[in-house]
Amino acid sequence: MDDKRRRFLKLAGLSAVAGIGAPSAFNLLLKGEVNASSPAPASHGTESPGSGHGEAPTGVRLGMVIDVNKFAENPGMAQKCVDGCHQTHNVPIFLDSKGQVNPKDAIKWIWKEPFENLFPDHSHYRRNDALHELPFLALCNHCDNPPCVRACPTKATFKQKNGSVIMDFHRCIGCRFCMAACPYGARSFNWRSPRERDENGNLKFIKNLNEKFPTRMRGVVEKCNFCAERISEGLPPKCVEATGDTGAMIFGDMNDPNAPISQVLKSTFTIQRKPALGTLPSVFYII
Amino acid sequence: MYDKGKIIPGIIVFVCLLIFPILYNSGSAGVLPNPEKPKDQKECVKDKQYMRTTHMQLINDWRDEVLREGNREKVVVQGKKYDKSLMNGCMTCHTNKKKFCDECHVYASVYPYCWDCHFVPKETI
């Protein structure tokens, strides 16, 4: 083919594409119909993303403050929180054929995590030695702008009116989009049936069954539910209960100015996990 | 018609075989399901007819109210409080799943997956 004609055709084609496509794309963006990232409507904290402490004007917004120093003073208390939660919610401990726990399919609602994994954006050169020994607890942050809720195709995960992000296990299809969306690793997938039994008919993975709370089934994602079933009865979450009167975990309505949690948040320096992501977490740490 | 002598008796035998089960069972409805109701209870949250036809809908609505709206207010019928829950509500009175749930579900060939996660009362799980 003649080189001139070839160049002409290429140019004509490109101009046509640009001429048709660019104005419509421009119009969409100008009108604001499409955003580069569209946050889910944040009903409780309306501050700009990334500002960390989202303050809500009205309604209940449940939150939690974890005082890591109190956990350091009471060794073993963190494990008590984990065990208490997992026992209450029938969280299975999956064991492989050798009886070992494989971290890849471990289910965790609340767990211990080293500082550098919990706060990667706070890692810096010449860190305080004590940080490495502190028992940090991690759990679902019950974000005010939860990415998992946006990712869920079946609305199995949703935000309640009180700000807690919970799951309807009936609707979970196990696509694990929420696990990919959650920046905190707070979600676990049931690769195996939690109700597998040994040859004597006993449950292999759940000891000390709580018959008031269901188990899950294979192929379902699960996570902390901020003890929705206990809060409705006026009880504190199980992990908070496990800390007793040490004040290591403070739970309550952050929008109530008289609640202990509001007083603590007002008077103490706290940090959140990955605040720059704009998820507006409801879990705060005192270090 | 060729082979009349074979075809016509053949058709008659075939039709007889076909309608035999219908004739054999005619007049009897088979064994009807008879779910055993709790002996020490007289009232349920709704009347018998409603529960028979719509219990699955009611349980679904309860779940959505409890989970989505966070409304765990107990259902009060004639002064008695019921949890809006299958495991902690229904099954506290209807303690025998085999004689209550399964009786009809098996008859109607309905196999809901409630028990994959929820517990059957007094089940050694």
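All of these numbers come straight from a predicted model, not from anything done at the bench.

A. Examining the overall build of chain B more closely. Across its full length, chain B carries four helices and two strands. Secondary structure of chain B in N-to-C order comes out as α-α-β-β-α-α. Taking 14 Å as the expected radius of gyration for a compact globule of 125 residues, we find that chain B reaches 24 Å, considerably beyond that expectation. Projected onto its principal axes, the C-alpha coordinates of chain B cover approximately 80 × 30 × 30 Å. The buried share of chain B, reckoned over its 125 residues, is 7%. Restricting the contact set of chain B to residue pairs at least 6 apart, pairs at least 24 apart contribute 61%.

B. Region of the structure containing the overall build of chain A. Each helix and strand counted, chain A has ten helices and nine strands in total. The long-range share in chain A, meaning contacts at least 24 apart out of those at least 6 apart in sequence, stands at 66%.

C. How the structure looks around the sheet that holds strand E1 (residues 62-67) of chain A. Residues and elements named next belong to chain A. Strands sit in the order E8-E1-E9 across an open sheet of three strands; the sheet is mixed. Only two strands of the sheet have a single neighbouring strand rather than two, namely strand E8 (249-253) and strand E9 (283-286). Each strand axis lies, on average, 20 degrees off the axis of its neighbour in the sheet, ignoring direction. Where E1 meets E9, four bridges bridge the pair, whose relative direction is parallel. Counted as the bridge partner of Asp-67 is Ile-286 from E9. Each of E1, E8 and E9 touches helix H10 (residues 260-267); the most contacted strand, E8, lies at about 110 degrees to it.

D. Main features of unusual backbone geometry. Residue and element names in this part refer to chain A. Located in the positive-phi region is Asn-90, a residue other than glycine, with phi close to 50 degrees. Among the secondary structure elements, Asn-90 is positioned in the loop between helix H3 (77-88) and strand E2 (110-112). With phi around 50 degrees, Phe-226 is a residue other than glycine that occupies positive phi space. Along the chain, Phe-226 falls in the loop between strand E7 (221-222) and helix H8 (228-231).

E. Examining the confidence of the model for chain A more closely. Taken as a whole, chain A shows an average pLDDT of 87; of its residues, 89% reach a score of 70 or greater. In this model, residues 45-56 of chain A is a region of pLDDT below 50 whose contacts with residues beyond four sequence positions or in other chains number 21 contacts.

F. Representation of the environment of Val-82 of chain A in the model. Residue and element names in this part refer to chain A. Tracing the backbone through its elements, the reader meets Val-82 in helix H3. In this structure Val-82 comes out as buried when scored by C-beta crowding, with 20 C-beta atoms within 10 Å. Considered as a pair, Val-82 and Ala-181 are 99 residues apart in the sequence and their alpha carbons are 24 Å apart.

G. Broad picture of the interface of chain B and chain A. Taken together, the contact between chain B and chain A spans twelve residues of the former and 18 residues of the latter. Mapped onto the side of chain B that touches chain A, the elements with two or more residues apiece are helix H2 (48-67) and helix H3 (86-93) of chain B. By residue class, the composition of the side of chain B that touches chain A is five nonpolar, three polar and four charged.

H. Local environment of the nonpolar core. All names here are of chain A. One finds Ile-66, Cys-81, Ile-110, Leu-137, Leu-139 and Met-249 to be the most contacted residues of the largest nonpolar core, which totals 57 residues. Among the elements that take part in this core, H3 stands out by supplying five residues, more than any other. Among all residues touching Ile-110, those that are not within four sequence positions of it are Cys-81, Val-82, Cys-85, Leu-137, Leu-139, Cys-224 and Cys-239.

I. Looking closely at the pairing of E1 of chain A. Taking burial as the measure, the six residues of E1 of chain A include six buried ones, the bulk of the element. The alternating pattern of E1 of chain A places Leu-62, Met-64 and Ile-66 of chain A on one face and Gly-63, Val-65 and Asp-67 of chain A on the opposite face, and all of these are buried.

J. Geometry of H2 of chain B. The end-to-end C-alpha distance of H2 of chain B is 26 Å, a good match for the 28 Å that 20 residues give at a rise of 1.5 Å each. Its maximal kink placed at Thr-54 of chain B, H2 of chain B deviates by approximately 80 degrees.

K. Quick peek at the pairing of E8 of chain A. Residues and elements named next belong to chain A. When you tally the buried positions in E8, you get four out of five residues, the bulk of the element. Where E1 meets E8, five bridges bridge the pair, whose relative direction is antiparallel. Looking at E8, one finds that Gly-63 is bridged to Gly-252.

About the thresholds
Residues numbered from 1 in each chain as written. Chains lettered and ligands numbered in written order. Predicted model: local features only at pLDDT ≥ 70, side-chain atom pairs only at ≥ 80, totals over all residues. Helix = DSSP H or I, 4+ residues; strand = E, 2+ residues; numbered from the N terminus. Rg over C-alpha atoms; globule rule 2.2 N^0.38 Å. Buried ≥ 20, exposed ≤ 12 C-beta atoms within 10 Å, placed from the backbone. Contact = placed C-beta atoms within 7 Å. Pairing = 2+ DSSP bridges. Axes fitted to C-alpha atoms, helices over the stretch in contact; angles between N-to-C directions. pLDDT = per-residue confidence, 0-100. Nonpolar A, V, L, I, M, F, W, Y, C, P; charged D, E, K, R; others polar. Core = buried A, V, L, I, M, F, W, Y, C linked by C-beta atoms within 7 Å. Expected span 1.5 Å × (residues − 1). Bend = angle between axes of the 7 residues up to and from the residue.

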